[in-house]
Structures are given as C-alpha cells and as structure tokens.
Amino acid sequence: MAEQVNSLEELGAVAVGGDAEAVVVNHEEQIDREPKRDELGRSYATGKRKDAVARVWIKPGSGKVTVNGKEMVNYFARPVLQMILRQPFTVAGVDGQFDVQATVKGGGLSGQAGAVKHGISKALQLYDPSLRPALKAAGFLTRDSRVVERKKYGKRKARRSFQFSKR
C-alpha cells in the first residue's frame, strides 16, 4: 500500500525515488523588493477599474489628494467615494503621510474612484515594499476585472429580452 506523504520534502523524496537530499525545496525564499522612486522622490502607478484608467503619483506630504487638478472633496463629492480613496492609507497605516496627485480618464465616478484606489495601492507598495503584505491581504493590489457585459442582438440589454406579447 502507498505510504502517507505529509510534507513537500517527503513528496519530493517520493517523486525522486527515496533520495530526500536530491530535491532542494526553498520555502523561505522571498523576493527582496527595492523601493521605486523618481528623481523627485515620487512613486508612480497606474490603476484600472471598469473603463476608468488612473495615473497616480504619491510623495511624502500632509495627506493632500488632488484628482484632475481638483481637491478630492470637490471631484468625488459623495462620502462613499472619498472613503474608497482613503482605504489603502488606513489599511497600510499611513494616514496623512502621503500627497497624491492623480489624473483619471474614462468611466463614471465610482469606476474612477476604484481606479484611483488601485493606483494608490500599487504606488504605496512601490514606494515602501514593507506595506505590500497588508495591501495584498486586503485585495487592493488586484485589478477588479468585472466590466459591463456587452449587449447581444435580439435582446433589449445584455440579457434582458423584449417583453413577450401573446396577442
């Protein structure tokens, strides 16, 4: 009968044929990430959500957020959208420590807010790689790939049919 395999080393030994030293498995190998900053001390990242694309620069500062040349509270008037933009800073624990300058195009306001959030998260982890685990655990570094489904022919919308009339 087959023997019980409890670890990757044992699995490697079984695959090779019993020689455990022949397979070297390094679980502790971590990628040493270097901070990426330009000559002005800023980090740049691109964030995307639905049809919106945001170009985001962050630098150390007082927490001022500028989107398309306007203050965040003027551009994103709804408190929910402002909260979405602040999420990466609260998760990383760096509230009020970075100034953000973003330009965003395409989509609606909620898609643009999601794109700026994605860009801020990516730029934060490029500026300080030690913030990456917290941002990754919160799911902020993953691009939300959900987009609007296209309209099909013979349908009123993507899936909605025209109203059926018996007579």
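Please read these numbers as outputs of a predicted model, since none were measured by experiment.

Parameters and conventions
Residues numbered from 1 in each chain as written. Predicted model: local features only at pLDDT ≥ 70, side-chain atom pairs only at ≥ 80, totals over all residues. Heavy atoms only, no water. Core = buried A, V, L, I, M, F, W, Y, C linked by side-chain atoms within 4.5 Å. Buried < 20%, exposed > 50% of the residue type's maximum accessible area, 1.4 Å probe, protein only. Helix = DSSP H or I, 4+ residues; strand = E, 2+ residues; numbered from the N terminus. Contact = heavy atoms within 4.5 Å. pLDDT = per-residue confidence, 0-100. Pairing = 2+ DSSP bridges. Axes fitted to C-alpha atoms, helices over the stretch in contact; angles between N-to-C directions. Salt bridge = Lys/Arg side-chain N within 4 Å of Asp/Glu carboxyl O. Expected span 1.5 Å × (residues − 1). Bend = angle between axes of the 7 residues up to and from the residue.

Trainee: Can you help me understand the nonpolar core in this one?
Mentor: Generally speaking, soluble globular proteins have nonpolar side chains that are buried together. Membership of the largest hydrophobic core comes to 31 residues, with the highest contact counts inside it found for Ile-58, Phe-76, Leu-85 and Leu-124. Per-element accounting of this core gives the leading share, seven residues, to helix H4 (residues 109-127). With residues near it in sequence (within four places) discarded, Leu-85 still touches Val-65, Val-67, Met-72, Phe-76, Ala-113, Val-116 and Ile-120.

Trainee: Help me understand the confidence of the model for the protein in this model?
Mentor: As a general rule, the predicted coordinates of low-pLDDT regions are not to be interpreted in detail. Mean pLDDT over the protein works out to 88, with 83% of the residues at or above the 70 mark. Here helix H1 (residues 8-16) stands out as the element of the protein with the lowest mean pLDDT, 62, in contrast to strand E3 (residues 65-67), whose mean of 97 is the highest. Of the regions scoring below 50 in pLDDT, residues 19-25 engages in six contacts with residues more than four places distant in sequence or in other chains.

Trainee: Please clarify how the sheet that holds strand E1 (residues 43-49) should be interpreted in this entry.
Mentor: Either a parallel or an antiparallel arrangement is found when strands of a sheet pair, and the pairing is made through backbone hydrogen bonds. As summarised here, the arrangement of the five strands in space is E1-E2-E5-E3-E4, forming an open sheet in which the pairing is mixed. The sheet is open, and its two borders are formed by E1 and strand E4 (70-71), each paired with just one other strand. Where E3 lies against E4, two bridges are found, and the strand directions are antiparallel. By the bridge assignment, Val-67 is partnered in E4 with Lys-70. Sheet contacts for H4: E1, strand E2 (52-60) and strand E5 (98-105); angle to E1, the most-contacted strand, approximately 145°.

Trainee: Whenever I open this one, the pattern of salt bridges confuses me. Can you help?
Mentor: Between side chains of opposite charge, pairing is possible as soon as their charged atoms come close. Under the counting rule described, the total for this entry stands at five salt bridges. The salt bridge partner of Arg-146 is Asp-144, with a shortest N-O separation of 2.8 Å. Accessibility expressed as a relative area gives 57% for Arg-146, which makes it exposed. Its salt-bridge partner being Lys-152, residue Glu-149 comes within 2.6 Å of it at the nearest N-O pair. Its relative accessible area of 39% is what places Glu-149 among the partly exposed residues. Residue classification places Lys-152 among the partly exposed residues on the basis of a relative accessible area of 25%. Through salt bridges with shared partners, a single ionic network connects Arg-49, Asp-144 and Arg-146.

Trainee: Could you clarify how one ought to interpret unusual backbone geometry in this entry?
Mentor: Glycine aside, the phi torsion of most residues is negative, and most peptide linkages are trans. Of note in the backbone geometry, Lys-50 takes a positive phi value of approximately 50° without being a glycine. Considering the arrangement of structural elements, one finds Lys-50 in the loop between E1 and E2. The phi dihedral of Asn-68 is positive, around 50°, even though this residue is not glycine. The residue Asn-68 is located in the loop between E3 and E4 in this model. Classification of Asn-68 as partly exposed rests on a relative accessible area of 32%.

Trainee: Would you mind going over H4 with me for this structure?
Mentor: Residues spaced three or four apart along an α-helix face the same direction, because each turn holds 3.6 residues. When the terminal C-alpha atoms of H4 are compared, their 26 Å separation across 19 residues agrees well with the 27 Å that a helix rising 1.5 Å per residue should span. Burial within H4 is extensive, with 15 of its 19 residues counted as buried.

Trainee: How should helix H3 (residues 79-92) be read in this particular structure?
Mentor: Across its 14 residues, H3 extends 20 Å between first and last C-alpha, which sits within 8% of the 20 Å expected from 1.5 Å per residue. At Arg-86, H3 is bent by approximately 40°, the largest bend along its length, and proline Pro-88 sits one to four residues beyond. Considered for burial, the residues of H3 that qualify are Leu-81, Gln-82, Ile-84, Leu-85, Pro-88, Phe-89 and Ala-92. Note on H3: the residue one or two positions beyond its end, Gly-93, has a positive phi of about 75°.

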